[in-house]
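# Coordinates in review
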Amino acid sequence: MEGKMIVQLPMEDIQKIVSDAPDPVGALGKLNSPWCIVVKGSDEKWYIIPFADQAECAAKVADYHGSADEVVYVLKNGIPRKSIKVEISVKFR
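Residues numbered from 1 in each chain as written. Predicted model: local features only at pLDDT ≥ 70, side-chain atom pairs only at ≥ 80, totals over all residues. Heavy atoms only, no water.

## Considering the nonpolar core
Here is the rule we go by: Joining through side-chain atoms within 4.5 Å is the link that ties buried Ala, Val, Leu, Ile, Met, Phe, Trp, Tyr and Cys residues into a set, and such a set is a nonpolar core. Exposure classes here rest on a 1.4 Å probe applied to the protein chains alone. A residue is buried below 20% of its type maximum, exposed above 50%, and partly exposed in between. Helix and strand definitions follow DSSP, with helices as H or I runs of at least four residues and strands as E runs of at least two, each counted in order from the N terminus. What makes two residues a contact is simply this: any of their non-hydrogen atoms within 4.5 Å.
In this structure, Leu9, Ile14, Ile17, Ala21, Ala27, Leu31, Cys36, Val38, Trp46, Ile48, Tyr73 and Leu75 together form the largest nonpolar core, which totals 12 residues. Among the elements of the structure, helix 1 (11-20), helix 2 (24-31), strand 1 (35-40), strand 2 (46-51) and strand 3 (70-76) are those that each provide at least two residues to this core. Residues in contact with Cys36, not counting those within four places in the same chain, are Lys30, Leu31, Ile48, Ile49, Pro50, Phe51, Cys57, Tyr73, Val74 and Leu75. Counting nine residues, the second-largest nonpolar core is a separate cluster that includes Val39, Tyr64, Val71 and Val74.

Quick look at the structure:
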């Protein structure tokens with residue numbers, strides 16, 4: 001990796017992410033993706049899923065709604081987003 005990297009997460013969360021990753025260096029690189037989510041799986045391990053754009057990221061966050069896995073962070077260039085908005089529309093007949 002070259003250049004500067006900014007990841008604004010608590011150190012204990014970064015340690016957990018890195019310790020659960022099969023490739024710790026690759027995990028750190030994923031944290032600085034244009035968009036990524038940090039998911040706490042039902043097995044209590046933390047996973048990072050990188051995305052190229054916000055639309056893909058938002059779609060994946062919506063997929064996790066109601067599942068056993070929990071989206072812990074949504075990051076944009078390593079910085080957590082303040083709010084995660086999932087919109088669900090329902091039509092009753």
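## So, the environment of Asn77
With respect to the helices and strands, the residue Asn77 is situated in the loop between strand 3 and strand 4 (79-80). With a relative accessible area of 42%, Asn77 lands in the partly exposed category. C-alpha separation for the pair Asn77 and Trp35, spaced 42 residues apart in sequence, amounts to 6.2 Å.

## Details of the sheet that holds strand 3
Which entries qualify depends on this criterion: Strands are labelled as partners when DSSP assigns at least two bridges between them. Angular values range over 0 to 180 degrees, each being the angle between N-to-C directions of two axes fitted as lines to C-alpha atoms, with helices fitted over their stretch in contact.
An order of 2-1-3-4 is seen for the four strands of this open sheet, with the pairing classed as antiparallel. Two strands bound the open sheet, and with one partner strand each, they are strand 2 and strand 4. In the sheet, strand 1 pairs with strand 3 via six bridges, with the strands oriented antiparallel. Pairing of Val39 across the sheet is with Val71, part of strand 3. Where helix 1 meets the sheet, its contacts fall on strand 1, strand 2 and strand 3, and the angle it forms with strand 2 comes to roughly 90°. On the sheet, helix 3 (residues 54-63) packs against strand 1, strand 2 and strand 3 and is oriented at approximately 15° with respect to strand 1.

## A closer look at the pairing of strand 3
One ladder, built from two bridges, connects strand 3 with strand 4; its direction is antiparallel. Looking at the pairing, Leu75 lines up with Pro80 of strand 4. Between strand 3 and strand 4, which pair antiparallel in sequence order, lie two residues; one of them, Asn77, sits at a positive phi of approximately 55°.

## Some points on the pairing of strand 2
Both strand 1 and strand 2 contribute to a ladder of six bridges, which runs antiparallel. Bridged to Cys36 within strand 2 is Pro50. The turn joining strand 1 and strand 2, which pair antiparallel and follow one another in sequence, is formed by five residues; a positive phi near 70° is taken by Glu44.

## Details of the pattern of salt bridges
How we decide: Criterion for a salt bridge: a side-chain nitrogen of Lys or Arg within 4 Å of a carboxyl oxygen of Asp or Glu.
One pass over the structure, following the stated rule, counts two salt bridges. The partner of Asp20 in a salt bridge is Lys16, with the nearest N and O atoms 3.4 Å apart. Separated by four residues within a single helix, Asp20 and Lys16 lie in helix 1, roughly one turn from each other. The exposure class of Asp20 is buried, given its relative accessible area of 16%. Taking relative accessible area as the criterion, Lys16 reaches 32% and is therefore assigned partly exposed. We note a salt bridge from Lys40 to Glu44, for which the minimum N-O separation is 3.3 Å. Owing to a relative accessible area of 25%, Lys40 belongs among the partly exposed residues under this scheme.

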